[in-house]
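Secondary and tertiary structure notes
One letter stands for each residue in the lines below.
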Protein chains: 2
Amino acid sequence: MGKVKADISMSLDGYIAGPNAGPEQPLGEGGERLHQWVYRLESWREQHGLEGGEASRDSEIQEEAFRNVGAVLMGRRMFDEGEEPWGDNPPFHVPVFVLTHNPREKLVKEGGTTFTFVSDGIESGLRQAREAAGERDIAIAGGASAIQQYLKAGLLDEIQIHLAPVLLGAGNRLFDGFNDEHIELERLRVVDSPTVTHLKYRVCERA
Amino acid sequence: MGKVKADISMSLDGYIAGPNAGPEQPLGEGGERLHQWVYRLESWREQHGLEGGEASRDSEIQEEAFRNVGAVLMGRRMFDEGEEPWGDNPPFHVPVFVLTHNPREKLVKEGGTTFTFVSDGIESGLRQAREAAGERDIAIAGGASAIQQYLKAGLLDEIQIHLAPVLLGAGNRLFDGFNDEHIELERLRVVDSPTVTHLKYRVCERA
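Residues numbered from 1 in each chain as written. Chains lettered and ligands numbered in written order. Predicted model: local features only at pLDDT ≥ 70, side-chain atom pairs only at ≥ 80, totals over all residues. Heavy atoms only, no water.

Next up on the list: the interface of chain B and chain A. Each partner contributes to the interface: chain B provides 29 residues, whereas chain A provides 29 residues. With both sides pooled, the region where chain B packs onto chain A buries about 2,700 Å², and carbon together with sulfur makes up 56% of that total. On the chain B side of the contact with chain A, Leu12, Leu167 and Arg187 of chain B bury the most area, a combined 23% of that side's loss. In this assembly, chain B and chain A are joined by 6 salt bridges. A salt bridge links Arg187 of chain A to Asp192 of chain B; the shortest N-O distance between them is 2.5 Å. (Contact = heavy atoms within 4.5 Å. Buried area = accessible area lost by both parts, 1.4 Å probe. Salt bridge = Lys/Arg side-chain N within 4 Å of Asp/Glu carboxyl O.)

Below you can see the structure in the form of structure tokens.
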């Protein structure tokens, strides 16, 4: 059975988007500073249908995050904000399950990406993603709320944080409202480059 | 002229103390989990008058944080909470300047530690610490509020975060209330071990 994992860029002060995020500005004010490390990479450019880019350890790590992924889970807001910029050939190329309160019909895009809307909870979303993924991994793509829900429910196996040397000061925090959950992590790997530090943790059983 | 620097242990969710910190429990609930990495180290034990311990890269880094320090600055709450546990021979062994609203007489302890109470602002505290330190560095020992004030005022040169693979869920956040400051950091060094990741940044000029 594949792992359930999340890969996400975060500022040193814990934000995954700046303030006033919305359809016009999905990453919020200053939020693009979190992702500066990724745009120049060969692996990211290839995933988005672009040529060239930097072939580095950062590029390998970005590629690795998607390598064995057989299905993606995401929150509804992430879908709403991404749908237009992703265009006809979104960068997922696997079945994507969108957690929502409003059921709607499946969307089939080019390049292997489909969007299935799940309105009966995160466990159902995960079950459907597992079926689609087979032996491969399941990526929780975001946003913060989707990752928090799977982490709190004890359903997340691994989390990799791409820590940007940036202070955003406000916005959406990745870790919020975790009172009393006492989640234990085990560091699996740390890789750093001048523009980002990749922190990979296994989520352990509760204390 | 020496550097102004801060060295502090932080949880992955950004806390430097757990909830309900107070004189009885200076690190708050669960806050000792942030410092597990340090108690077993040779350098920490030596600093606290104890023998033995682990001679590792973590130990070197902990020792390095104090090596060239000629004076320490701290907030009043940290002093209040530390005074008793630190005892007659506190672990600083240099002049310490305590930021407070209530002036009081200088305290002279054993082993080279003195506590001078500064009630006319953080710039005055830094000026007095610089005089005491000469060419050596100045350490902002904490708490979060003291570090925040020096960082916001553009007076901090370096910050090293000892990132513990722990989620505290609540407590005192190191980075809070930084709206609009747009502080830029430059990663100087990342060192990791199974129990902690040391992230060292230079604080750059404002954008």
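And the narrative resumes.
This part is about the sheet that holds strand β7 (residues 137-142) of chain B. Residue and element names in this part refer to chain B. Read across the open sheet, the 9 strands follow the order β5-β6-β4-β3-β7-β1-β8-β11-β10; overall the sheet is mixed. Where the open sheet ends on each side, the last strands, each with one partner, are β5 (107-108) and β10 (185-193). The pairing of strand β3 (residues 69-75) with strand β4 (residues 95-99) spans 4 bridges and is parallel. Note that in β4 the partner of Val72 across the bridge is Val96. Packed on one face of the sheet, helix α5 (residues 122-133) meets β1 (4-11), β3, β4, β6 (114-118) and β7 and runs near 160° to β3. (Pairing = 2+ DSSP bridges. Helix = DSSP H or I, 4+ residues; strand = E, 2+ residues; numbered from the N terminus. Axes fitted to C-alpha atoms, helices over the stretch in contact; angles between N-to-C directions.)

Turning our attention to the packing of aromatic side chains. Taken as a whole and assessed by the stated rule, the structure comprises 12 aromatic pairs over all chains. With centroids separated by 5.3 Å and ring planes inclined at 75°, the aromatic side chains of Tyr39 of chain B and Trp44 of chain B adopt a geometry described as edge-to-face. Judged by relative accessible area, Trp44 of chain B falls into the buried class, the value being 19%. Here Phe79 of chain B and Phe115 of chain B contribute two aromatic rings whose centre-to-centre distance is 4.9 Å and whose plane-to-plane angle is 65°, an arrangement assigned as edge-to-face. Note that Phe79 of chain B is positioned in helix α4 (residues 76-86) and Phe115 of chain B in strand β6, a separation of 36 residues in sequence. Phe79 of chain B gets classed as buried once you look at its relative accessible area, which sits at 1%. Exposure remark for Phe115 of chain B: the relative accessible area of 1% places this residue in the buried category. Three or more aromatic residues joined by ring pairs form one cluster here, namely Phe79, Trp86, Phe92, Phe115 and Phe117 of chain A. (Phe/Tyr/Trp six-rings, centres within 6.5 Å; stacked < 30°, edge-to-face > 60°. Buried < 20%, exposed > 50% of the residue type's maximum accessible area, 1.4 Å probe, protein only.)

Residue and element names in this part refer to chain A. Taking burial as the measure, the 8 residues of strand β11 (residues 196-203) include 7 buried ones, the bulk of the element. Here strand β8 (residues 158-164) runs beside β11; their pairing, made up of 6 bridges, is antiparallel. Looking at the pairing, His162 lines up with His198 of β11. Relative to β11, strand β10 (residues 185-193) runs antiparallel, the two being bridged by 8 bridges. Opposite Val191, over in β11, you have His198 as the bridge partner. Hairpin connection, β10 to β11: the antiparallel pair is bridged by 2 residues.

A few words now on the side chain of Thr116 of chain A. Along the chain, Thr116 of chain A turns up in strand β6 (residues 114-118). Discounting residues that sit within four places of it in the chain, Thr116 of chain A has contacts with Val96, Phe97, Val98, Lys106 and Gln128 of chain A.

On to the environment of Gly171 of chain A, then. Residue and element names in this part refer to chain A. Within the fold, Gly171 resides in the loop between β8 and β9 (172-173). Put simply, Gly171 and Gly18 are 153 residues apart on the chain and 4.1 Å apart in space, counted from C-alpha to C-alpha. In contact with Gly171, not counting residues within four places along its chain, are Tyr15, Ala17, Gly18 and Pro19.

This part takes up the nonpolar core. Phe175 of chain A together with Phe175 of chain B are the most contacted members of the largest nonpolar core, which totals 72 residues. If sequence neighbours within four positions are ignored, Phe175 of chain B has contacts with Leu12, Asp13, Leu167 and Arg173 of chain A together with Met10, Gln148, Leu151, Ile159 and Ile161 of chain B. (Core = buried A, V, L, I, M, F, W, Y, C linked by side-chain atoms within 4.5 Å.)

What follows concerns the relation of the copies chain B and chain A. With an RMSD of 0.0 Å, the fit of chain B onto chain A corresponds to turning through 180° and sliding 0.0 Å along the axis. Expressed as a symmetry operation, the mapping of one chain copy onto the other fits a two-fold axis. It is Gly14 of chain B whose C-alpha, among those of chain B, lies nearest the rotation axis, at 3.3 Å. Most of the interface of chain B is mirrored in chain A, where 100% of its interface residues are also at the interface. (Least-squares fit on C-alpha atoms with pLDDT ≥ 70 in both.)

In this section: the pairing of strand β8 (residues 158-164) of chain B. Successive side chains on a regular strand alternate, one facing one side of the sheet and the next facing the other. Residue and element names in this part refer to chain B. Counted residue by residue, β8 has 7 buried out of 7 residues, so it is predominantly covered. The side-chain alternation of β8 yields two buried faces, one formed by Glu158, Gln160, His162 and Ala164 and the other by Ile159, Ile161 and Leu163. When β1 meets β8, the two strands line up parallel, connected through 7 bridges. Each bridged residue has a counterpart across the sheet, and for Ser9 the counterpart in β8 is His162.

All names here are of chain A. The strand order across the open sheet built from 9 strands is β5-β6-β4-β3-β7-β1-β8-β11-β10, with neighbouring strands paired in mixed fashion. Each edge of the sheet is formed by a strand with only one pairing partner; in this case those strands are β5 (107-108) and β10. One ladder, built from 2 bridges, connects β5 with β6; its direction is antiparallel. Within β6, the position partnered with Val108 by the bridge is Thr114. Of the strands in this sheet, β3 (69-75), β4 (95-99), β5, β6 and β7 (137-142) are in contact with helix α4 (residues 76-86), which crosses β3 at around 110°. The strands touched by helix α5 (residues 122-133) within the sheet are β1 (4-11), β3, β4, β6 and β7, with β3 carrying the most contacts at an inclination of about 160°.

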